[in-house]
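# Coordinate inspection notes
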Amino acid sequence: MTFPGTTETTGCPFTGAGSKAGTAVDPLPAPPLPAPAADNPPPRDAPVADWVTIPDLYRDPFPIYRRMREEAPVHWVPAVNRYMVTSYAACHTIEQDAETFSANETGSLMKRAMGHSMLRKDDPEHKRDRDSYGSTLRPGTIKNHWNAVFEANNEKYLGELERKGPGADFVWDYAAPYAAENLRLICGFHNATQADMQRWSQTMIDGTGNYADDAGVWAKSAQSSAEVDTAIDEMLPYLKDHPDHSLLSGLASLPIPLEAIRANLKMTIGGGLNEPRDVLATTVWALLNNPGQLASINGDPKRYATAFEESVRWVAPIGMYPREVTRDTVLDGVRLPRGARVGVVLGAANRDPLVFEDPETFNIDRPKKPHLGFGGGAHFCAGTWVARAQVAQVAMPALFDRLPGLRLDPENASIDAGWVFRGLVKMPVIWG
């Protein structure tokens with residue numbers, strides 16, 4: 001099953017190394033990569049995919065990714081002015097080789113939209129910024145503090161969805177405000193609303209994906225960036241005197257440059273809202289389209305977690321992120337020159353048939369193999385635990401318990417979109 005249609009979202013919201021605690025949410029080890037052929041052909045230049053267009057990618061990138069993977073693991077794509085990497089093996093190689101594939105991309109759209117955040121830095125600069133986020137996002141803090149916050153917010157926004165009644169939009173009447181309010185409190189923006197968070201997130205994310213260089217998109221992104229700067233400047237002195245569990249509170253007492261704080265919080269606003277919002281909607285959408293799989297969950301918390309992971313594999317909410325090649329190299333048999341701009345297409349790698357059987361199908365019973373939906377290496381997304389908690393542990397069990405007979409509105413079709421970021425942009429639901 002594939003999505004019927006297809007919006008754009010930005011890099012990983014909370015970037016950090018995997019947990020050392022050995023908990024159930026630690027990233028899985030990488031699966032064995034496909035063995036190279038006995039007679040390796042000589043390196044070749046990347047084929048040119050001049051048939052790829054941004055509108056086609058936005059509508060539905062998966063047929064495009066299938067064709068590209070079948071032809072070569074790497075293509076030069078003029079429409080996006082970069083090499084796009086679509087095989088699991090090649091994407092995995094990039095994630096494990098920061099010396100050759102730098103996160104600090106020249107001319108980065110994310111830097112322009114949000115500033116130079118940790119997501120566009122290599123170690124040791126990346127590690128310094130990442131460590132400044134402290135314990136706020138770790139599994140222990142989530143269990144002991146944030147889960148109660150998520151439960152209270154879920155009660156509020158699920159109740160609002162119920163009051164709006166059948167025909168309400170699952171994304172905009174529930175998933176988006178729920179994820180935005182969670183993120184507002186995680187960040188420490190007591191001087192903003194969840195609606196502010198949604199507007200800031202979307203407009204800055206649009207900037208990071210503005211490959212068409214639309215002046216209107218840049219203007220809205222710049223306005224939100226300035227508003228976030230003002231909000232941060234207001235909150236830092238307050239939280240220094242009134243500490244809490246938020247990210248800004250932890251940063252207020254550290255000798256971190258203000259520009260780094262601003263850039264990292266903008267990055268967090270960008271992905272930290274869209275990622276849980278889109279995973280929640282996509283997972284519920286997929287389960288409602290596969291009622292047998294939904295029935296098999298039967299309230300089992302572990303099965304909700306499995307559905308969450310399969311959803312991220314099937315439709316990675318962060319579909320592509322950039323890297324820059326630091327030296328002439330060969331990637332999976334394809335030559336890349338020093339300075340090449342690369343797009344690591346997780347949305348394609350996670351559907352590589354050399355790793356995943358019948359990869360185009362949503363199947364919570366497939367053999368357990370690690371996907372690349374949360375990145376890897378030094379930039380493995382520490383926000384993974386926050387997303388898992390608020391979506392799989394809190395939202396989905398309550399949702400299916402409170403709304404018996406929940407189903408998609410057959411008279412009003414859902415719409416999904418995007419390739420750099422992908423999710424449902426319309427999802428009317430009925431129940432009862």
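Okay, so let's go over this structure. (Residues numbered from 1 in each chain as written. Predicted model: local features only at pLDDT ≥ 70, side-chain atom pairs only at ≥ 80, totals over all residues. Heavy atoms only, no water.)

## Comments concerning the overall build of the chain
Applied cut-off: For the purposes of this entry, the term helix denotes a DSSP run of H or I that reaches at least four residues, the term strand denotes a run of E that reaches at least two, and both are numbered from the N terminus. For the area figures, the Shrake-Rupley method with a 1.4 Å probe applies, and any residue is considered shielded solely by the protein chains shown.
When helices and strands are counted, the chain shows 15 helices and 11 strands. Element-wise, carbon and sulfur atoms account for 53% of the exposed surface of the chain, whose accessible area totals about 17,100 Å².

## Comments concerning the environment of Leu251
Let me state the cut-off plainly: By definition, residues are in contact when any of their heavy atoms lie within 4.5 Å.
Mapped onto the secondary structure, Leu251 falls in helix H10 (residues 247–252). The spatial distance from the C-alpha of Leu251 to the C-alpha of Leu236 is 7.9 Å, given a sequence separation of 15 residues. The residues contacting Leu251, other than those within four sequence positions of it, are Ser132, Tyr133, Ile256, Ile261 and Leu265.

## Here we look at the nonpolar core
Under the convention used in this document: Side-chain atoms within 4.5 Å are what join buried Ala, Val, Leu, Ile, Met, Phe, Trp, Tyr and Cys residues into a set we call a nonpolar core. Throughout, exposure labels follow a simple rule: accessible area from a 1.4 Å probe, protein chains only, divided by the maximum for the residue type, with under 20% read as buried, over 50% as exposed, and the rest as partly exposed.
Of all hydrophobic cores here, the largest spans 102 residues; its most connected members are Phe170, Tyr174, Phe189, Leu280, Val284 and Met427. Sorting elements by how many residues they give to this core places helix H11 (residues 258–288) first, with 13 residues. Contact partners of Val284, with chain neighbours within four places excluded, come to Phe170, Met396, Leu399, Phe400, Leu406 and Met427. Of all hydrophobic cores here, the second largest spans 23 residues; its members include Val74, Cys91, Phe101 and Ala316.

## Digging into the packing of H11 against helix H13 (residues 301–314)
For clarity, the cut-off: Every axis corresponds to a line fitted to the C-alpha atoms, with the helix fit spanning only the stretch in contact, and the corresponding angles, defined between N-to-C directions, vary from 0 to 180 degrees. Our angle categories are set so that under 35 degrees counts as roughly parallel, over 145 as roughly antiparallel, 65 to 115 as roughly perpendicular, and the remainder as oblique. Residue classes follow a fixed rule: Ala, Val, Leu, Ile, Met, Phe, Trp, Tyr, Cys and Pro count as nonpolar, while Asp, Glu, Lys and Arg count as charged, and any other residue, Gly among them, counts as polar.
Relative orientation of the contacting elements H11 and H13 amounts to 100°, with a least axis distance of 9 Å. By the angle between their axes, H11 is roughly perpendicular relative to H13. Across the interface between the two elements, Val279, Thr282, Thr283, Trp285, Ala286 and Leu287 of H11 pack against Ala307, Phe308, Ser311, Val312 and Trp314 of H13. Split into classes, the residues belonging to the contact of H11 with H13 amount to 8 nonpolar, 3 polar and no charged.

## Quick notes on the packing of aromatic side chains
The condition is simple: Within 6.5 Å between ring centres, the rings of Phe, Tyr and Trp (the latter by its six-membered ring) count as paired, and their orientation is classed by plane angle as stacked under 30 degrees, edge-to-face over 60, tilted in between.
For the structure on display, the rule yields 10 aromatic pairs. For the pair Tyr174 and Tyr178, a centre-to-centre distance of 5.9 Å together with 15° between the ring planes defines the contact as stacked. Here the residue Tyr174 and the residue Tyr178 both occupy positions in helix H7 (residues 170–187), the gap between them amounting to 4 residues, near one helical turn. Residue Tyr178 is classed as buried on the basis of its relative accessible area, which comes to 1%. Here a set of aromatic residues connected by ring pairs shows up, and it is made of Phe170, Tyr174 and Tyr178.

## What to know about the pattern of salt bridges
Keep this limit in mind: Each reported salt bridge corresponds to a side-chain nitrogen of Lys or Arg within 4 Å of a carboxyl oxygen of Asp or Glu.
Applying the stated criterion across every chain yields a total of 28 salt bridges. Between Glu259 and Arg262 there is a salt bridge, and its shortest N-O distance comes to 2.9 Å. In this pair, Glu259 and Arg262 both sit in helix H11, 3 residues apart, roughly one turn of the helix. A relative accessible area of 54% means that Glu259 is categorised as exposed. Counted as one network, the salt bridges with shared partners bring together Asp229, Asp233, Glu259, Arg262 and Lys266.

## Comments concerning the sheet that holds strand S4 (residues 320–325)
Selection criterion: Here the rule is simple: two strands pair whenever DSSP picks up at least two bridges between them.
Spatial strand order, S1-S2-S7-S4-S3: 5 strands in an open sheet with mixed pairing. Edge strands, defined here as strands with exactly one partner in the open sheet, are strand S1 (74–77) and strand S3 (101–102). Bridge analysis of strand S2 (residues 82–85) against strand S7 (residues 341–345) gives 3 bridges, and the strand direction is parallel. Within S7, the residue paired with Tyr83 across the bridge is Val342. Relative to S1, helix H2 (residues 62–71) is tilted by about 120°, and along the sheet it contacts S1, S2 and S7. Here helix H3 (residues 88–96) sits on the sheet and contacts S2, S3, S4 and S7; the angle it forms with S7, its principal contact strand, is near 115°.

## Regarding the pairing of S2
With 4 bridges connecting them, S1 and S2 associate as antiparallel partners. Considered in S2, the bridge of Val74 is made with Val85.

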